[in-house]
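# Coordinate analysis (summary)
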Amino acid sequence: MLQPYKAVTQICLIPHMIPHFFRTAILVLLPFLLLAQNKPGLQLPIKKASTPIVLDGKLDEDTWKNAAVATNFYMNYPYDTALAPFQTEARLAFDEHMLYVAFVCYDDDTPDLMQSLRRDFDFDRTDNIGIYMGTYNDRINGFYFQVTPYGVQAEGVISTGGAGDESYNDTWDNKWYSKVVREKDKWTAELAIPFKSFRYKSIEEWNVTFLRWDRKRNLASSWIATPIQFIPASFAYSGQLAWSELPPKSKGNISIIPFVAGAASRDNEITPASTNNDLQTGFDAKIGITPALNLDLTVNPDFSQVEVDRQVINLTRFEFQFPERRQFFLENNDLFAGAGFPDARPFFSRRIGIAKDSSGNLTRVPILYGARLSGSLNENWRLSVLNMHTKEKLAAGLPAQNYTVAALQRNFWKQSNFTLSYVNKESLGVNDRDTLKYFHEDLLKYRITGNDTIPIFSRYNRVFTADLDMRSANNTWSVNFYYSGSITPLVTEKRMSGGSFIRYTKRKVNFFGGQSFVQKNYNAEAGFVPSRNVYPGVMSYFGGGEYIMFPSRLKRLVTMGVGTELNMNVIPGGKITDKSINLGYGFNFMNTAELTIYYYQTYQQLTNAFNPIDSEKYIEFKSGEEYSWNGAGVEFNSDQRKLFYYAFETRYGGFYNGRNFNVTGEMNYRYQPYGSVAVRFDYNDLRLADGYGKEKLVLVGPRIDLTFTDKIFLTTFVQYNNLANNVNLNARFQWRYKPASDFFVVYTENYLPENLHSKNRALVFKFTYWLNL
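Residues numbered from 1 in each chain as written. Predicted model: local features only at pLDDT ≥ 70, side-chain atom pairs only at ≥ 80, totals over all residues. Heavy atoms only, no water.

### Quick word on the overall build of the chain
Looking only at helices and strands, one finds five helices and 42 strands in the chain. The C-alpha atoms of the chain give a radius of gyration of 28 Å, which matches the 28 Å a tight globule of 773 residues would have. Along the first, second and third principal axes, the C-alpha set of the chain runs to 90 × 60 × 55 Å. Burial status across the chain gives 50% buried among its 773 residues. (Helix = DSSP H or I, 4+ residues; strand = E, 2+ residues; numbered from the N terminus. Rg over C-alpha atoms; globule rule 2.2 N^0.38 Å. Buried < 20%, exposed > 50% of the residue type's maximum accessible area, 1.4 Å probe, protein only.)

### A look at the packing of aromatic side chains
If you walk through the whole model with that rule in mind, you get 53 aromatic pairs. With centroids separated by 4.8 Å and ring planes inclined at 65°, the aromatic side chains of W206 and W243 adopt a geometry described as edge-to-face. With W206 in strand 11 (residues 205-214) and W243 in strand 13 (residues 239-243), this residue pair connects regions lying 37 residues apart in the sequence. Relative accessible area serves as the criterion here: at 0%, W206 is assigned to the buried category. Ring plane angle 40° and centroid distance 6.0 Å describe the contact between F318 and Y535, whose orientation is recorded as tilted. Taken together, the residues span a long stretch of sequence, with F318 in the loop between strand 16 (293-299) and helix 4 (327-330) and Y535 in the loop between strand 28 (509-518) and strand 29 (538-549) at a distance of 217 residues. (Phe/Tyr/Trp six-rings, centres within 6.5 Å; stacked < 30°, edge-to-face > 60°.)

### What about unusual backbone geometry?
Trans is the common state for peptide bonds, and a negative phi is the common state for residues other than glycine. Residue Y77 is joined to P78 through a cis peptide bond whose omega torsion reads 10°. One non-glycine residue with positive phi stands out, namely A740, at about 65°. Position of A740 relative to the elements: it lies in the loop between strand 39 (726-738) and strand 40 (741-751). According to the relative accessible area criterion, A740 is buried, its value standing at 9%.

### As for the side chain of N417
By secondary structure assignment, the location of N417 is in strand 22 (residues 416-427). Judged by its relative accessible area of 6%, N417 falls in the buried class. Within polar-contact distance, the side chain of N417 engages the side chain of Q409 at 3.3 Å. Leaving out residues up to four positions away in the same chain, N417 has contacts with I140, Q409, R410, N411, F412, D467, L468 and D469. (Polar contact = N/O pair within 3.5 Å; in protein donor to acceptor, adjacent residues only side chain to side chain. Contact = heavy atoms within 4.5 Å.)

### Things to note about the pairing of strand 16
When strand 15 (residues 274-290) meets strand 16, the two strands line up antiparallel, connected through seven bridges. The residue bridging A285 from the neighbouring strand is L297, located in strand 16. Turn length for the strand 15-strand 16 hairpin, with the two strands adjacent in sequence and antiparallel, is two residues. Judged from the seven bridges that link them, strand 16 and strand 19 (residues 367-376) form a sheet pairing that is antiparallel. Following the sheet pairing, D296 is matched in strand 19 by R372. (Pairing = 2+ DSSP bridges.)

### Things to note about a nonpolar patch on the surface
A surface patch of nonpolar side chains, about 720 Å² in accessible area, is lined by L643, F644, Y646, M667, Y669, Y671 and Y674. Those elements that place two or more of their residues in the nonpolar patch are strand 34 (644-655) and strand 35 (658-671). Note on placement: F644 falls in strand 34. (Patch = residues over 30% accessible without salt bridge, like charges linked within 9 Å, V, L, I, M, F, W, Y side chains within 5 Å. Areas by Shrake-Rupley, 256 points an atom, 1.4 Å probe, with all protein chains shown as cover. Salt bridge = Lys/Arg side-chain N within 4 Å of Asp/Glu carboxyl O.)

### A few points about the environment of S238
Its location among the elements puts S238 in the loop between strand 12 (219-222) and strand 13. Note on S238: relative accessible area 0%, which makes it buried. Sequence separation between S238 and T88 is 150 residues, and the spatial gap between their C-alpha atoms is 16 Å. Leaving out residues up to four positions away in the same chain, S238 has contacts with P40, G41, R139, N207, V208, T209 and I224. Among the polar contacts listed, one links the side chain of S238 to the side chain of R139, at a separation of 3.1 Å.

### Details of the pattern of salt bridges
Enumeration according to the criterion identifies 45 salt bridges in this entry. Residues R125 and D122 are paired through a salt bridge, measuring 3.6 Å at the closest nitrogen-oxygen approach. What makes R125 buried here is its relative accessible area of 14%. Take D122: its relative accessible area is 35%, and that puts it in the partly exposed class. With its nearest N and O atoms 3.6 Å apart, the salt bridge here joins R325 to D309. Of this pair, R325 sits in the loop between strand 16 and helix 4 while D309 sits in the loop between strand 16 and helix 4, and the two are 16 residues apart along the sequence. On the basis of relative accessible area, R325 is assigned to the partly exposed category, the value being 28%. Overall, the relative accessible area of 22% leaves D309 in the partly exposed class. Salt bridges linked by common partners bring D107, D108, D112, D127, R182, R212, D214, K216 and R217 together as one network.

### Observations concerning the side chain of R215
Note on placement: R215 falls in the loop between strand 11 and strand 12. Residue R215 is classed as buried on the basis of its relative accessible area of 5%.

### Focus on the environment of A466
Relative to the helices and strands, A466 resides in strand 25 (residues 460-471). Taking C-alpha positions, A466 is 23 Å from N169, a pair spaced 297 residues apart along the chain. If sequence neighbours within four positions are ignored, A466 has contacts with F418, T419, L420, F481, Y482 and Y483.

### Let's talk about the nonpolar core
The biggest cluster of nonpolar side chains holds 40 residues, and the ones touching the most others in it are L99, F103, F145, F198 and F210. Counting 28 residues, the second largest nonpolar core, distinct from the first, contains F303, A344, V423 and A524. (Core = buried A, V, L, I, M, F, W, Y, C linked by side-chain atoms within 4.5 Å.)

### So, the environment of L697
Along the chain, L697 falls in strand 37 (residues 694-707). Taking relative accessible area as the criterion, L697 reaches 2% and is therefore assigned buried. C-alpha separation for the pair L697 and Y683, spaced 14 residues apart in sequence, amounts to 5.7 Å. Beyond its immediate sequence surroundings of up to four residues, L697 is in contact with I313, L315, D682, Y683, N684, N722 and L723.

### Side note on the pairing of strand 36 (residues 675-687)
Of the strand pairs in this sheet, strand 35 and strand 36 are connected by 13 bridges, and their pairing is antiparallel. Looking across to strand 36, one finds that E666 is bridged to R680. The antiparallel hairpin formed by strand 35 and strand 36 contains three residues in its connecting segment. Hairpin geometry of strand 36 and strand 37 is characterised by an intervening segment of six residues between the two adjacent antiparallel strands and by a positive phi of about 90° at G691.

### So, the confidence of the model for the chain
Confidence in the prediction for the chain averages 92 pLDDT; 95% of positions are at 70 or higher. For residues 1-30, every residue scores under 50 in pLDDT, and the model assigns this stretch 23 contacts once sequence neighbours within four places are set aside. (pLDDT = per-residue confidence, 0-100.)

So this is what it looks like as structure tokens:
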């Protein structure tokens, strides 16, 4: 039997099935349904617990019976015009140590959708409910805590007001507790979050909202009604958590996480083969300076448990930006990672502790220590300071180095801010005579004086950046500017970078445009500037937009629409070196499937010599040569709720002086909720002109992800890449034996594809323990 609110909503959704007099009644009731929307700024009182709360998922304590209830959850997707058909209730309470959250998620006996029992689950493919809090009341920064019907937890930090997908960072990890009880017509969740687990200001109000992702039905709903074009967890569409008395002030919060790690490795690529055994210890520490300001320390850190990079086939002239996966660098990194624009980031944390050796391969540079101070000074000011010290790495030609990154942000208006940042990289203990010892390309430079070439060390690199980010209160408009300059020995001119960007988002239209420039000598050694050493300075222009339709007569479609994007690069002197245009038409289906068909045109005038396959094996394209080509592609994602899910993109067209047929994608079979088997693939049938290369490039990556319980996980990942002539095996076992404490075993081996002869292998274990003082 339907609940009354469900019946009303279903009537609103299917008026063609209702007699005429009911339709008339609906038209009369419609204004009242619209008034039922919870508007941004709505207050939700929170009171101190009157009775102790037992985390059992029953909500039978007097505290819960007397708590204010957040109700009338409104739909956001696939429509935003009605109350959610399956409603949610949220309650909050607190005591001296804990923030308590309770959810009642009304449901039926339809099986819940769950990818696995792994913590920090895949949000997009998992049923879940979450609380999203702006604990500084600035509508820009905050935290979220999510739980699934199976009781699996996820948590993270929110930046830039939660306005984009990149605003949510799930690498933040901390201690909290939850209990979920599943019944036939609902599931109930109780959360207990220690105040010392997150940063906050002890003030009268916080920003707060709740988002329920009912993926098995492809429904998203939230406490505050949010238009379909915006993320319903964003703080532009949040309410206000009104405290009956101020949250408790910090009474000191110190956590120590010591570790022990051991490794045994063998390298068969040298003669004679070498073996190495290693045992090391270190620790991380988290110290709460104030409730809103935290100091993180790491001594002799070890990142051997970090998941291996997913390999790519890169056919461009530009460096590929692999994502950062080390937790210490990912936590609270939004002020650093958001500086600049994607084509000129002053700071990229993978530059610390990872470098190319003399053979051009990536190698680990040991880190001696690190410290990061981050948080909020008050409602308007945020601060983040990082200092890292790496040890000498002679295989890469590097001395000991010190990195300092600092950022100060001033919030203004409702969702806008201005940030100043500084990055300093310093090489230590380098003498002028050490040119054979320290030869890394960022360090050793050459000055030409007459007929003489004189080696000289570039011992420091400094980058100053100013960022201005402005966003309207309802997220319709966003405008961004940045200006950056680098300081390096021997360089006194053409060392600036800057850009501007604007976006306009409405229900049916979305437009964006901007420009950026990177001068020839702009050098962010601890950052990511892909155009460096490709262009002699470059000015980039870009823009695009889309028109979205909501086809009411096509019941299987949520939206469809047309979109386009244009890009152009100009080098000093006014010469256009790159132009591209993309035109596509996309469909979003009710069953979660997606389809996009597109056409593209590309023009390039090369500014340096290169070959996309192998510059040593094939003829290189020459600087100054011009190429134009076009092609078409199709991208499709199947119904993500099915046990077997697949996604692929295929394109065919010209490529420089030849043609390329590309297929890339993934196939995934889910054994719910205990894991999945997946295969990633990337295939290129590349046919360039004679002498330039004809190759079939293959990258295949089968992956088995098993979650035996919500505390024991095993991931096995194999990657075959014929361009790199390598097969990589990575197996990773994790046992979370208590909250935030883990035992890892990781095995890695690289093989020759033709005979699976082992190139090298390593076995690593790591034991961590979270200790609260």
